[in-house]
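# Tertiary structure, described
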Amino acid sequence: MAFQSILFQSREAPAVHEARAYCKDLNIDQIVNAITAGWKEKDYDLKPLFYSPLRRVDDMQYRQEIMRDLENETALCAVRVFARAVYTLENSMRFTRKYLLSQDPYYCNYLQKGRLLESAAAYCAAVEKLAEDIAVPDLRSRGLAAFREYIASYKDSAAFTALQAETASMRAELSAVRYCMLIRNGSIKVRKYEGEADHTAEIEAIFERFKQGAVKDYRRDLPEEPYAEHVEAGVLNLVARLYPEIFERLDRYCQKNLRFIDETIYAFSHEIQFYIAYLEYIGRFKRAGLRFCYPRMSGESKEISSTNGFDMALADKLIAKSQPVVCNDFYLKGAERIIVVSGPNQGGKTTFARTFGQLHHFASLGCPIPGTEANLFVFDEIFTHFEKEEDINSLSGKLQDDLVRMNGILRQATPDSVIIINEILSSTTLKDAVEIGKKIMEQVVRLDALCIVVTFLDELASCSDKNVSMVSTVVPEDPAQRTFKIVRKPADGLAYAMHIAAKYRLTYECLKERIHA
Amino acid sequence: MKAHLMYPDRDFDSEAKLSAQQQTLIQDLELDTLFQAMAGGDKLILEVVRRAVTGGLAAPEEILYRQSILRDCIKNPDVVRTLYKIASDAIQKKKDIWWITSGMFLSSVLSGAVNLLQMFAGMLKMLRGVADKHAGQFESEGFSALFSMLQRELDDEYFALLQTHLHELKFYDGILIGAELGGHNQGVHYMLRRQQDKKLRRLKWYFAPSFSVNPRDENGCTDLAKRRDRALNLATNAVAQSADHVCNFFIMLQTELAFYVGCLNVYERLAAKGEPVCFPEPSGCRTRRHAFGGLYDISLALILGQRVAGNRLDADDKELFVITGANQGGKSTFLRSIGQAQLLMQCGMFVPAERFAANICSKVFTHYKRQEDATMKSGKLDEELARMSGIVDEIEPDSMILFNESFAATNEREGSEIGRQIVNALLEKHMKVFFVTHLYDFAHSYYEKELPGAIFLRAGRQPDGRRTFQLAEGEPLQTSFGDDLYAKIFENAPDKPAV
C-alpha cells in the first residue's frame with residue numbers, strides 16, 4: 001500500500017470539526033487544551049483533530065495500530081525527533097524563501113542564504129537518521145509500515161542524494177573561510193586572515209604572575225549571533241568580495257534548492273503530532289500508576305463496558321496535587337441501555353457521567369482510553385444536557401428552558417447516539433419532576449440510544465427494563481466521607497440518610513433510647 | 001604574590017565565622033577591652049584581632065614565626081604603619097574608581113580594569129620603594145620574604161612591560177578581530193588579534209573594503225559594541241581577574257599587617273603605663289608547663305589607672321589547678337589572666353607578664369557560671385550541663401578548660417559529684433584543667449587524693465580581712481570569707497535590719 005496519510009487511510013480526509021457543545025460539558029475541552037499545551041496553536045493547529053470523531057471502526061483501528069507502535073519508546077523517540085525537526089524547518093523556510101525571492105538586497109542577503117543551506121543540511125541529516133532509526137523497531141501498523149517504506153525509497157532517490165552531496169560540499173567550502181575585521185570609529189574593514197597573533201594569549205601571559213586563588217569570573221556567555229542583521233549582512237558582502245567563487249556558488253545553490261522538503265514527509269511531520277501529543281499527555285497518568293487500554297469498538301453491539309475508567313480532566317488536577325484517583329467500572333448487557341446514577345452529592349456522580357462521555361469520545365478518535373479494558377459503541381453523536389445557569393435574558397423559567405433543550409436533543413438523537421443527562425428537573429416540585437422525568441425516560445427507552453442519567457430521582461432508576469441503577473457510595477462508619485466509587489445496586493436514597501442519622505444518634509432506635517417517656 | 005605575615009605558608013582567613021567557642025572565650029576572658037585597645041578605632045584591625053587572638057596556633061614554630069615579625073614591628077613601628085597605609089589607600093582608591101554592573105559592555109569593564117591596574121601599579125611601586133629603602137632594618141623571616149618578593153616580582157622591567165600592555169589595551173587604533181563562518185554564515189569564533197605596527201597596518205588596511213554604520217543607527221552601533229565584547233571576552237577576564245588578584249594581595253597585606261598594627265597599638269599603651277610585657281616561651285602540647293611571674297589581667301590593666309597586681313607561679317608538670325579562697329580575692333582575675341596569656345601566646349603575641357612559659361594547648365575552653373536563663377527554657381543546672389556537653393563535643397586531648405564556679409547551681413554534694421565525674425574524665429583524657437570553685441567537698445576531695453599533677457591555690461587574705469589579690473599555694477578552706485564581704489558592704493550590720 002502506497003503511503004498517503006498517517007491520520008487517515010486515504011487522502012480524502014473526513015471534515016474536521018471545531019469543539020462541539022458536549023465537549024465543554026464533558027470537560028473534553030480542558031483535556032484537549034492540556035494535550036496540545038506543548039504544541040503552539042499557530043504552528044500545529046492540532047485541536048480540530050481532537051474534536052473530530054471517526055465514524056468507521058476500521059479508521060479507528062488504523063490509528064489504534066499506530067498508537068500501539070508508538071508506545072514502543074524507540075519508535076516514538078525516532079519519529080518525534082524527526083517530525084519536530086522537519087516541521088520547524090519547513091516553517092522557518094517559509095520566511096527564508098520569502099526573503100530570498102524578494103528583490104530587496106536588504107532581505108535577500110548571505111545570512112538568509114546561509115540559513116537555507118543550514119536547514120537543508122539539517123533536513124538531510126534528519127532523513128538519514130530517521131531511515132536508520134525506524135528500521136529497528138518492529139512496526140505492525142499499516143500506517144507506519146507504509147511510511148517506513150516511503151522514507152527508505154525517498155532516501156535513495158536521485159533528488160535527495162544530489163541535495164545531500166551539494167549541501168555537504170558547499171558547507172565545507174564556507175567553513176574554510178577566515179577573515180579579519182578592523183573595527184574603528186563606527187566602521188568595519190575586512191581582509192583575509194593573514195596569521196595575525198592571538199592577542200588574548202599575550203595578555204593572559206603578562207598578567208600570569210598576579211594569579212592566585214579563585215576570583216570572580218568575568219567571562220560572559222555571549223551569543224555567537226549577530227545583534228544587527230544588516231551589519232552582519234554588510235560584513236558578509238565584504239567577505240564575499242574576498243572569496244568571490246565560493247559565494248557565487250552559494251548563490252546558484254540557493255536558486256536550485258529553494259524548496260527542498262518533500263511534501264509527503266512534511267505532511268507526515270505535521271500529522272504524526274496527533275499521536276505524539278496524545279501519548280505524551282497520557283504518559284503523566286501512566287507514571288501515576290493509572291492504566292490505559294485500546295477499546296474494542298463496535299458499530300452494532302450496544303453491550304458496552306469499561307473497567308477502571310477515570311475522568312482525565314479531574315485526574316490531571318488530582319495528580320498535580322498528589323491526591324489519589326478513583327477508577328470506576330460500568331457495563332450494559334442484553335437490552336440494557338440506560339445507566340441511572342443516584343446517591344449522595346459530591347460522591348462522584350457527575351465525574352462518572354463525564355468519564356462515560358470522555359471514554360466514548362477519545363475511543364472514537366482511535367486513541368487508547370483510561371481503563372484496563374473497554375468495549376464501546378461507535379456513536380454518531382454525543383448529546384449532553386448539563387444544568388445551566390439561569391439565563392437572565394431568557395423570559396421563560398428554568399424548567400421551561402430545560403425542557404426545550406431536552407426536546408431538542410430527543411428530536412436530533414438517533415438510536416446510534418449517546419445521551420448524557422446531568423441533574424435536570426431540579427427546579428420543580430418532586431412530584432412534577434418524577435412525572436416529567438419518567439416521560440423523558442420513556443422517550444429515551446423508545447429511541448434505544450445509549451444514555452447515562454445523573455439524578456436525585458430514585459424512581460427513574462427502575463422505570464424500565466433498559467434501566468440500570470448505579471449509586472455513589474460513602475464510607476459506612478463515616479457517612480460524611482465519600483469513596484467516589486459508583487457501584488451497580490438499587491437506588492436507595494434512604495441508606496445515606498440512615499448513616500447520617502446514626503452518626504448523630506437520631507435513628508429510630510437511638511431516639512427510642514434517648515427519649516424518655 | 002603573597003604577604004604571608006601570619007603564616008609562613010598560607011593566608012590568614014579574616015572572614016572566618018567566629019565559632020560559639022570563640023565568642024564564649026571573648027566574653028568570659030573580657031577580651032573585647034583588649035581588642036578595642038588594639039583596634040584604636042580601626043574596624044579592620046578589630047575584625048582581624050578577634051579572629052587571630054581566639055584562633056590559636058598549634059605549633060611552637062608558627063608562634064615563633066609571628067613573634068619574630070612582631071619584634072621587627074616593635075623596632076620599626078613607622079615603617080610597618082606606612083606599609084599598612086599604602087595597602088589601605090590602594091583598597092580605598094579601588095572602591096572610588098571601580099564599579100561594574102552586569103548590563104555594562106565588556107569594553108567598559110575592560111577599560112575600568114585597565115585604569116584600576118594602572119592605579120595598583122603605582123601603589124605597588126610605592127611598596128617596592130619601601131622595600132628598597134628599609135629591607136635592611138628587618139630581621140624576621142616573614143618580612144625578609146615579603147620584601148624580597150616585592151623586589152623580585154616587581155622590577156622596573158616588569159613595570160615598563162605592564163605599562164605598554166595597559167596602554168595597548170585602550171585600543172586607540174581600533175580592535176582587530178579574527179572570525180570564521182558559522183552554520184548560516186554568521187561570524188563565529190571571534191578572536192582578538194594583535195595589530196601590526198602602525199606603518200604596515202596603514203599600508204595594508206587603507207584600501208580594504210569597508211562597511212560604515214550610520215551614527216544614528218542605534219542597532220548598528222550596539223552591534224559594533226557587541227562585536228568588540230565578543231572579541232574582548234577572554235582578555236577582559238584576564239585583565240579584570242588580574243586586577244582582582246592584585247587587589248587581593250593588597251587586602252591580604254592590609255589584613256595581616258592589621259594584626260601587627262593592633263599589637264603595636266596595645267604595646268605602646270602598656271608601655272606608657274609601665275606595665276611589663278614579654279615574649280612567652282611555648283613548649284609542645286604534650287608537655288605540662290606553667291611558669292610565670294608578674295602575670296596580670298591585660299583588660300583590667302587597660303581599664304584601670306593604676307598598675308595591677310601580678311601573680312607568680314612555677315607549676316610545671318601540673319594538670320589540675322584548683323583555685324579556692326576569698327571572695328573578691330582575685331580568683332576570677334587570675335583565671336582570666338591564665339586564659340588570656342594562653343591565647344596571646346598562641347597567637348604569637350607578647351603576654352602581660354614579666355616572664356611566661358607554658359605548654360601549647362590544642363584548644364582553650366571556658367565554662368563560667370551564667371546568669372539565669374531569661375528564656376526559661378531550662379533550669380540553671382540544665383543549662384550548665386548542656387554547655388558542658390557542647391564543650392565535650394568539640395574538645396581534643398591537650399586542651400585547656402577554665403571552670404569558674406561551675407556546677408554550683410545545685411547543692412554542694414551533688415555539684416561536687418558532678419564536678420568530680422567530669423574532671424576525672426577530663427584528666428584521664430589529658431586535659432589541662434583550671435577550676436575556680438567554692439565547692440569545698442569537690443576541692444578538698446582532690447586535695448586528699450594527693451595527686452602529683454594537682455596544685456591548689458588560694459586567694460590570699462590578710463589577717464585583718466584585707467585582700468592581697470595575690471594567689472598562693474594552699475589547702476582549700478571551708479569558708480570563702482563571705483562574712484568579710486558582707487561586713488564590708490553592710491557596715492555595722494548587726495544594727496541595721498537585713499535587706
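These numbers come from a predicted model, not from an experiment.

Thresholds, definitions, all that
- Residues numbered from 1 in each chain as written.
- Chains lettered and ligands numbered in written order.
- Predicted model: local features only at pLDDT ≥ 70, side-chain atom pairs only at ≥ 80, totals over all residues.
- Helix = DSSP H or I, 4+ residues; strand = E, 2+ residues; numbered from the N terminus.
- Buried ≥ 20, exposed ≤ 12 C-beta atoms within 10 Å, placed from the backbone.
- Contact = placed C-beta atoms within 7 Å.
- Core = buried A, V, L, I, M, F, W, Y, C linked by C-beta atoms within 7 Å.
- Nonpolar A, V, L, I, M, F, W, Y, C, P; charged D, E, K, R; others polar.
- Pairing = 2+ DSSP bridges.
- Axes fitted to C-alpha atoms, helices over the stretch in contact; angles between N-to-C directions.
- Expected span 1.5 Å × (residues − 1).
- Arc of directions from axis to C-beta.
- Parallel < 35°, antiparallel > 145°, perpendicular 65-115°, else oblique.
- pLDDT = per-residue confidence, 0-100.

## Digging into the overall build of chain A
Helix and strand content of chain A: 20 helices and 14 strands. Out of the 517 residues in chain A, the part that is buried amounts to 38%.

## Examining the overall build of chain B
Counting its regular elements, chain B contains 16 helices and 13 strands. Taken over 499 residues, chain B has a buried fraction of 41%. Restricting the contact set of chain B to residue pairs at least 6 apart, pairs at least 24 apart contribute 76%.

## Things to note about the nonpolar core
Core analysis: the biggest nonpolar cluster contains 263 residues, and Val-341 and Ile-419 of chain A together with Val-239, Leu-257, Tyr-260 and Ile-323 of chain B have the highest contact counts within it. It is helix H10 (residues 218-273) of chain B that provides the largest number of residues to this core, a total of 23 residues. Apart from the residues lying within four places of it in its own chain, the contact partners of Ile-323 of chain B are Lys-331, Phe-334, Leu-335, Phe-434, Phe-435, Val-436, Leu-457 and Leu-471 of chain B.

## Structural notes on the interface of chain A and chain B
At the junction of the two partners, chain A supplies 57 residues and chain B supplies 60 residues. Contributions of two or more residues to the side of chain A that touches chain B are made by helix H7 (110-134), helix H9 (158-175), strand E1 (178-184), strand E2 (187-192), helix H10 (199-206) and helix H11 (229-242) of chain A. Among the elements that make up the side of chain A that touches chain B, the one with the highest residue count is H11 of chain A (eight residues). Looking at the side of chain A that touches chain B residue by residue, the class counts come to 27 nonpolar, ten polar and 20 charged.

## Digging into the sheet that holds strand E6 (residues 311-314) of chain B
Residues and elements named next belong to chain B. A sheet is described by the order of its strands in space; here four strands give the open sequence E4-E8-E5-E6, paired in mixed fashion. Here the strands that pair on one side only, and so sit at the sheet edges, are strand E4 (281-283) and E6. Geometrically, the sheet is characterised by an average inter-axis angle of 20 degrees between neighbouring strands, direction not taken into account. With three bridges joining them, strand E5 (residues 290-295) and E6 adopt antiparallel strand pairing. Opposite Phe-292, over in E6, you have Leu-313 as the bridge partner. Against the sheet, helix H12 (residues 331-346) engages E4, E5, E6 and strand E8 (355-359), with an angle of about 75 degrees to E8.

## Some points on helix H5 (residues 77-97) of chain B
Residue and element names in this part refer to chain B. Compared with an ideal rise of 1.5 Å per residue, which puts 21 residues at 30 Å, H5 spans 31 Å between its outermost C-alpha atoms and is within 8% of the ideal. Those residues of H5 lying buried are Val-80, Leu-83, Tyr-84, Ile-86, Ala-87, Ala-90 and Lys-94. Along the axis of H5, the buried residues cluster in a sector spanning 150 degrees; they form a single face. Of the exposed residues in H5, the ones pointing more than 90 degrees away from its buried face are Asp-78, Gln-92, Lys-95, Asp-96 and Ile-97. Contacts from the buried residues of H5 go to helix H4 (60-75), helix H6 (106-134) and H10.

## Some words on the sheet that holds strand E1 (residues 175-181) of chain B
Ordered in space as E2(B)-E1(B)-E1(A)-E2(A)-E3(B), the five strands form an open sheet in which the pairing is antiparallel. Each end of this open sheet is capped by a strand with a single partner; those strands are strand E2 (187-193) and strand E3 (210-212) of chain B. This sheet shows a mean twist of 25 degrees between the axes of neighbouring strands, independent of strand direction. Relative to E2 of chain A, E1 of chain A runs antiparallel, the two sharing six bridges. The partner of Leu-182 of chain A across the bridge, within E2 of chain A, is Lys-189 of chain A.

## Here's the deal with unusual backbone geometry
With the exception of glycine, most residues fall at negative phi, and the peptide bonds are largely trans. Look at Asn-185 of chain A: it is not a glycine, yet its phi comes out positive at around 50 degrees. Residue placement: Asn-185 of chain A occurs in the loop between E1 and E2. Backbone geometry places Phe-171 of chain B, a non-glycine residue, at a positive phi of 50 degrees. Within the secondary structure, Phe-171 of chain B sits in the loop between helix H8 (156-168) and E1. Using a count of 19 C-beta atoms within 10 Å as the deciding quantity, one classes Phe-171 of chain B as partly exposed.

## Looking at the packing of helix H3 (residues 43-54) of chain B against H10 of chain B
All names here are of chain B. Running from N to C, H3 and H10 cross one another at 80 degrees; their axes reach a closest spacing of 8 Å. Relative to H10, the element H3 is oriented roughly perpendicular. Contact residues: H3 offers Leu-44, Ile-45, Val-48, Val-49 and Ala-52, while H10 offers Gln-254, Thr-255, Ala-258, Phe-259, Val-261 and Gly-262.

## Here's the deal with the environment of Pro-276 of chain B
Residues and elements named next belong to chain B. Its place among the elements puts Pro-276 in the loop between H10 and E4. In this structure Pro-276 comes out as partly exposed when scored by C-beta crowding, with 18 C-beta atoms within 10 Å. Each C-alpha atom, one on Pro-276 and one on Gly-294, is 8.1 Å from the other, the two residues being 18 residues apart in sequence. Excluding anything up to four places from it in sequence, Pro-276 contacts Gly-294, Ala-353 and Glu-354.

## Details of the environment of Ile-206 of chain A
Tracing the backbone through its elements, the reader meets Ile-206 of chain A in helix H10. Those residues in contact with Ile-206 of chain A that sit more than four places away from it in its chain are Leu-161, Leu-162 and His-165 of chain B.

## Structural notes on the pairing of strand E10 (residues 382-386) of chain A
Residue and element names in this part refer to chain A. With four of five residues buried, E10 lies mostly within the body of the structure. In terms of strand pairing, E10 meets strand E11 (residues 418-422) through five bridges, oriented parallel. Across the sheet, Thr-384 pairs through a bridge with Ile-420, a residue of E11.

## A few points about the confidence of the model for chain B
All names here are of chain B. The share of residues in chain B with pLDDT of 70 or more is 90%, and the mean pLDDT across the chain is 87. A low-confidence stretch, residues 480-486 stays under pLDDT 50, and its non-local contacts, those more than four residues away or across chains, total 13 contacts. A low-confidence stretch, residues 489-499 (pLDDT under 50), is modelled with three contacts involving residues beyond four sequence positions or located in other chains. Here the predicted complex scores 0.63 on pTM and 0.71 on ipTM.

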